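# Fold and geometry: a report
The residues making up each chain are set out below.
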Amino acid sequence: MSVSLLEIAQLRELEEKYARILGPDVLMQRAGKAAAEYIRELHPETCTVTVICGPGNNGGDGYVCAKILSELGYQVSVVNVGGKTPKTEQAKEALAAWEATGATIYTDPYDTPKAQIVVDALFGIGQTRALVGEYLDAAMWFNERRALHVSLDIPTGLDSQTGNWVGGRAGCRADATITFLSGKPGLYTSIGKDACGEVQVENLGISIPLTKINLTEVKDFKHVCASRTKNTSKADYGRVGVIGGGKGTVGAALIAARSALYMGAGRVYVELVEEKMDLDPSVPELMFRDKLDLSEMDAVVIGCGLGFSEKAKARFIECLQSDAALVIDADALTMVAGDEELLSLVTHRRAHTVITPHNAEAARILGYPLEEITADRLNRALDLSVLTGAVTVLKGAGTIVCQRSSISWINPTGTPALATAGSGDTLSGMIAAMFAQRYELMDCVLSAVYLHGLAAEGCDSGILASDIAPTAAEFLQALRDSYREHFHPLRERTDPVSWED
Ligand SMILES: NC(=O)C1=CN([C@@H]2O[C@H](COP(=O)(O)OP(=O)(O)OC[C@H]3O[C@@H](n4cnc5c(N)ncnc54)[C@H](OP(=O)(O)O)[C@@H]3O)[C@@H](O)[C@H]2O)[C@@H](O)CC1
Ligand SMILES: Nc1ncnc2c1ncn2[C@@H]1O[C@H](COP(=O)(O)OP(=O)(O)O)[C@@H](O)[C@H]1O
Ligand SMILES: [K+]
């Protein structure tokens, strides 16, 4: 199963339930202890630490963590930012326990001695408005330190649901975040991808319910990772058709088509609506047709460099009316925006349909300003699936995959190296290749999105879009090797993925 990501209301419910079962301060004690242990793992040598605490329970976690670190031999300074009385009983008790050690309590972090580790326990999931005053100053102090930056639960200022800054005001930027009970969506998408650094989830000994928002794991598409049956031929791996080729943008279709081949499609055909080509000399395996017979295709990609001609639109309509699995990308998405006839054809499709917009395309289809998409990508992705009936892949940092049934996944792989022309075309071709190989709907989409991102992991410079699929294919190979190792009765189990639940 995927890693569950809980929303605030669900976290609050768990918090209340376990406060009743375990006692009101047990979770805070566990959170503070887990944070101290995590910091010790990150920096086993004892050193100087400053913990900045806010007025709520996040601050309470900070006081507990500070006391345990101090008992472990770290030299800890604690700041009760603004010097106010904490707002909850548990946080008051945690502050009192720190006070009982006789240590100085600072109210301004700028007064503290230099520290090798700084810990942000200002605000967690209870931050309801933009940082101002002493809290904003404290967040700035945190960011300015040349130290290891650790946030408790979430980086202060981050909206745990959307991954944006609360009220648009930037907060803490951590090198590492230890988050309690479960992951939260905002840690894995948008600004959250930068603000959290490494994320460690600590469930505090609580069993976490399954939820409708998940972080994709390899196990979510483990059928794709199983070995292919040996007694097969290219007919078993299907036919992908790529329709593009508007004036001057042939490359996009070629990139999508090549990617489908690399990801294991049996045959890949290209139709160029406005341009003419009979051969791609660098990938002679591709076959070109003036007009594809859609009834012969298992999966079709439409939109990459398609243009907006009448011919293109007519062809799009034929694709929508076909029984092939359809990946709708780029120009085809823009065509759908504001066109009721096309939208209705999308909605009424019987075969699998995936739309792959980036934020701007999503804004066009929904008729929203771009800011409304970026403000809440999870909910906007869901809006798109409800509007179109299709599986939505809302691309970007922390790509969101969602179904109309309201189950969503956030994809954890990918880097800014993917922010390069043609990278979305590659993804479309990869998804279609999975359809052609007849995997289940969500196996197809989740595997392609995950592997596409994985291909760019560790790359902080630039890559060619054409290189993404070959690298993704190598990762898929490694996963299949690992899966085979694991499930082979005569082999030792040394695989890196834990395949069984
Ligand atoms: N969930 C769990 O099970 C567990 C939760 N735990 C921990 O508790 C944390 C949640 O605690 P929390 O609810 O007390 O919220 P937190 O973020 O500390 O502060 C909220 C306070 O700040 C205030 N306030 C808000 N914004 C403000 C602003 N801009 N400027 C100034 N004030 C502002 C707000 O006031 P109000 O909005 O009511 O006026 C409220 O009083 C959670 O993240 C985790 O660390 C763990 O201990 C164990 C398990
Ligand atoms: N900063 C980023 N981090 C992770 N993935 C990214 C980032 N920027 C872009 N991507 C990914 O790169 C691809 C870009 O797609 P798209 O914008 O359609 O490109 P193009 O139109 O050039 O093909 C998407 O899969 C998107 O998720
Ligand atoms: K925090």
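Throughout this description, residue numbers start from 1 for each chain and increase along the sequence as written. Labels follow written order: the first chain is A, the first ligand is 1, and so on. Note on the predicted model: pLDDT of at least 70 is required for a residue's local features to be given, and 80 or more for side-chain atom pairs to be given and counted; whole-chain, interface and lining totals, by contrast, use all residues. Hydrogens and water are ignored here; the side-chain numbers use all heavy atoms of the structure.

- As recorded by an unreviewed UniProt entry, the protein chain carries the name Bifunctional NAD(P)H-hydrate repair enzyme and is attributed to Parasutterella muris.
- UniProt positions are given in the numbering used here, feature names are shortened, and annotations may be inferred rather than shown by experiment. Checking UniProt for the protein chain, the heading Subunit (unreviewed entry) contains the comment "Homotetramer."

### Points about the domain arrangement of the protein chain
- Domain start and stop positions are those given by an automatic or database domain assignment. Under the domain assignment used here, the protein chain contains domain 1 (3-211) and domain 2 (218-223 + 234-487).
- Relative placement of domain 1 and domain 2: their C-alpha centres are 40 Å apart.
- Contacts between the two partners involve 9 residues from domain 1, matched on the other side by 13 residues from domain 2.
- For any pair of parts, buried area is found by adding up, for both, the accessible area (1.4 Å probe) each one loses once the two are put together. Carbon and sulfur atoms make up 50% of the area that domain 1 and domain 2 hide from each other, which totals about 760 Å².
- By definition, a salt bridge exists where a carboxyl oxygen of Asp or Glu is found within 4 Å of a side-chain nitrogen of Lys or Arg. Here domain 1 and domain 2 share 0 salt bridges between them.
- Whenever two N or O atoms come within 3.5 Å, that pair is a polar contact, provided that in protein one can donate a hydrogen and the other can accept it, and provided that, for residues adjacent in sequence, both atoms are side-chain atoms. Inspection of the domain 1/domain 2 interface yields 6 residue pairs in polar contact (both at pLDDT 80 or more).
- Classes in brief: Ala, Val, Leu, Ile, Met, Phe, Trp, Tyr, Cys and Pro nonpolar; Asp, Glu, Lys and Arg charged; the others, Gly included, polar. Residues that form the side of domain 1 that touches domain 2 fall into these classes: 3 nonpolar, 5 polar and 1 charged. Throughout, a residue-residue contact means that at least one pair of heavy atoms, one from each residue, lies within 4.5 Å.

### Quick look at the site of ligand 2
- Neighbouring ligand 2 are 18 residues; K395, G396, G422, S423 and G424 lie closest to it.
- K395 is positioned with one of its side-chain polar atoms (N or O) 2.6 Å from an oxygen atom of ligand 2.
- Measuring from an oxygen atom of ligand 2, one finds a backbone N or O atom of G424 at 2.7 Å.
- Here the accessible surface of atoms and residues is derived via Shrake-Rupley with a 1.4 Å probe, and residues count as covered only by protein chains that are part of the display. Here ligand 2, which alone exposes 570 Å², has 77% of that area covered by the protein.
- The method works on a 1 Å grid over the protein atoms by themselves. A cavity is a set of points holding a 1.4 Å probe that cannot get out, a pocket is an open set with protein on both sides within 12 Å along at least five of seven lines, and residues with an atom within 4 Å of a point line them. Any molecule with more than half of its atoms within 2 Å of a cavity's or pocket's grid points is counted as sitting in it. The cavity where ligand 2 resides is the second largest pocket.
- Each helix is a run of DSSP H or I of at least 4 residues and each strand a run of E of at least 2, with the numbering of both proceeding from the N terminus. If one sorts the elements of the shell around ligand 2 by residue count, helix α15 (residues 423-436) sits on top with 4 residues.
- Tallied by class, the residues present in the shell around ligand 2 amount to 6 nonpolar, 10 polar and 2 charged. Residues are counted as near a molecule or strand when any one of their heavy atoms sits within 4 Å of it.

### Describing the layout of surface pockets
- Grid points are joined across faces, edges and corners, and a volume is the space filled by probe spheres set on the points. When its volume is computed, the largest pocket comes out at roughly 870 Å³.
- Taken together, 38 residues line the largest pocket, and the ones lying closest to its centre are G56, N57, N58, G124 and G126.
- Listed by contribution, the elements that provide at least two residues to the lining of the largest pocket are α1 (8-22), α2 (26-42) and α3 (57-71).
- The element contributing the most residues to the lining of the largest pocket is α1, with 6 residues.
- Taken together, the residues of the lining of the largest pocket break down into 18 nonpolar, 11 polar and 9 charged.

### Some thoughts on the sheet that holds strand β8 (residues 198-202)
- In this description, strands pair whenever DSSP reports at least two bridges between them. In space, the 7 strands of this open sheet follow the order β4-β3-β2-β5-β6-β7-β8, with parallel pairing throughout. Each having just a single partner strand, β4 (105-106) and β8 make up the two edges of the open sheet.
- In this sheet, β4 lies alongside strand β3 (residues 75-80) in parallel orientation, the contact comprising 2 bridges. Residue pairing for β4: V78 is matched across the bridge by I105.

### What about the site of ligand 1?
- Around ligand 1, the surrounding shell holds 21 residues, and the nearest of these are R12, N58, D61, G124 and D153.
- The backbone of I125 places a nitrogen or oxygen atom 2.9 Å from an oxygen atom of ligand 1.
- At 3.2 Å, a backbone N or O of A130 approaches a nitrogen atom of ligand 1.
- When isolated, ligand 1 has an accessible area of 930 Å², and the protein chains bury 85% of it.
- Residue assignment for the shell around ligand 1 shows that the elements contributing at least two residues are α1, α2 and α3.
- For the shell around ligand 1, the element with the most residues is α3, which contributes 3 residues.
- Of the residues assigned to the shell around ligand 1, the class counts are 8 nonpolar, 7 polar and 6 charged.

### With respect to the coordination of the potassium ion (ligand 3)
- Water is not part of the atom set, so a site may look incomplete; the donors themselves are N, O and S atoms within 2.8 Å of the metal, or 3.2 Å for Na, K and Ca. Every protein donor of the potassium ion (ligand 3) is accounted for by N58 (OD1), D120 (O), D120 (OD), F123 (O), L152 (O) and I154 (O), and the metal-donor separations fall at 2.6 to 3.2 Å.
- Square planar and octahedral assignments, for four and six donors respectively, both demand that opposite donors be over 155 degrees apart and that all other angles lie between 65 and 115; tetrahedral needs four donors with all angles between 85 and 135 degrees, and anything else is irregular. Around the potassium ion (ligand 3) sit 6 donor atoms; with metal-centred angles ranging over 57 to 148°, the donor geometry is irregular.
- The class of L152 is buried, set by a relative accessible area of 0%. Summary of the burial criterion: residues with accessible area below 20% of their type's maximum are buried, those above 50% are exposed, and those between are partly exposed, where the area comes from a 1.4 Å probe applied to protein chains only.

### So, empty space enclosed by the protein
- One pass over the structure, following the stated rule, counts 1 cavity of 30 Å³ or more.
- The space that makes up the largest cavity amounts to roughly 30 Å³.
- Residues belonging to the lining of the largest cavity are distributed by class as follows: 5 nonpolar, 1 polar and no charged.

### Notes on the pattern of salt bridges
- For the structure on display, the rule yields 21 salt bridges.
- The closest approach of N and O atoms between E134 and K84, which form a salt bridge, is 2.6 Å. Within this pair, whereas E134 is found in helix α5 (residues 133-144), its partner K84 is found in the loop between β3 and α4 (89-99), the two being separated by 50 residues in sequence.
- Judged by its relative accessible area of 31%, E134 is partly exposed.
- You can call K84 partly exposed: its relative accessible area is 43%.
- One salt-bridge network, held together by shared partners, links E271, K291, R315 and E318.

### A short note on the sheet that holds strand β16 (residues 391-394)
- One open sheet holds the 11 strands; their spatial order is β1-β9-β18-β17-β16-β15-β14-β13-β10-β11-β12, and the pairing between them is mixed. Each edge of the open sheet is held by one strand with a lone partner, namely β1 (3-4) and β12 (287-288).
- As defined by bridge partners, strand β10 (residues 239-244) adjoins strand β13 (residues 299-302) across 4 bridges and the pair is classed as parallel. Considered in β13, the bridge of V240 is made with A299.
- Only the stretch in contact is used when a helix axis is fitted, and all axes are lines through C-alpha atoms; the angle between N-to-C directions ranges over 0 to 180 degrees. Helix α16 (residues 441-454) rests against β15 (353-355), β16, β17 (400-402) and β18 (408-410) of the sheet, and its axis sits at about 5° to β16.

### Here's the deal with the environment of Y74
- Within the element layout of this structure, Y74 appears in the loop between α3 and β3.
- In this structure the C-alpha to C-alpha distance between Y74 and V49, which are 25 residues apart in sequence, comes to 6.9 Å.
- Within the local environment of Y74, its side chain forms a polar contact with the backbone oxygen of P44, the two atoms lying 3.5 Å apart.

### Details of the state of the cysteines
- Disulfide assignment relies on a single distance test, namely cysteine sulfur atoms paired within 2.5 Å. This structure, assessed with the given rule, holds 0 disulfides.
- Between C47, a cysteine without a disulfide, and C65, which holds the nearest cysteine sulfur, the sulfur-to-sulfur distance is 12 Å.
- Lacking any disulfide linkage, C196 is separated from the closest cysteine sulfur, that of C172, by 11 Å.
- C196 gets classed as buried once you look at its relative accessible area, which sits at 1%.

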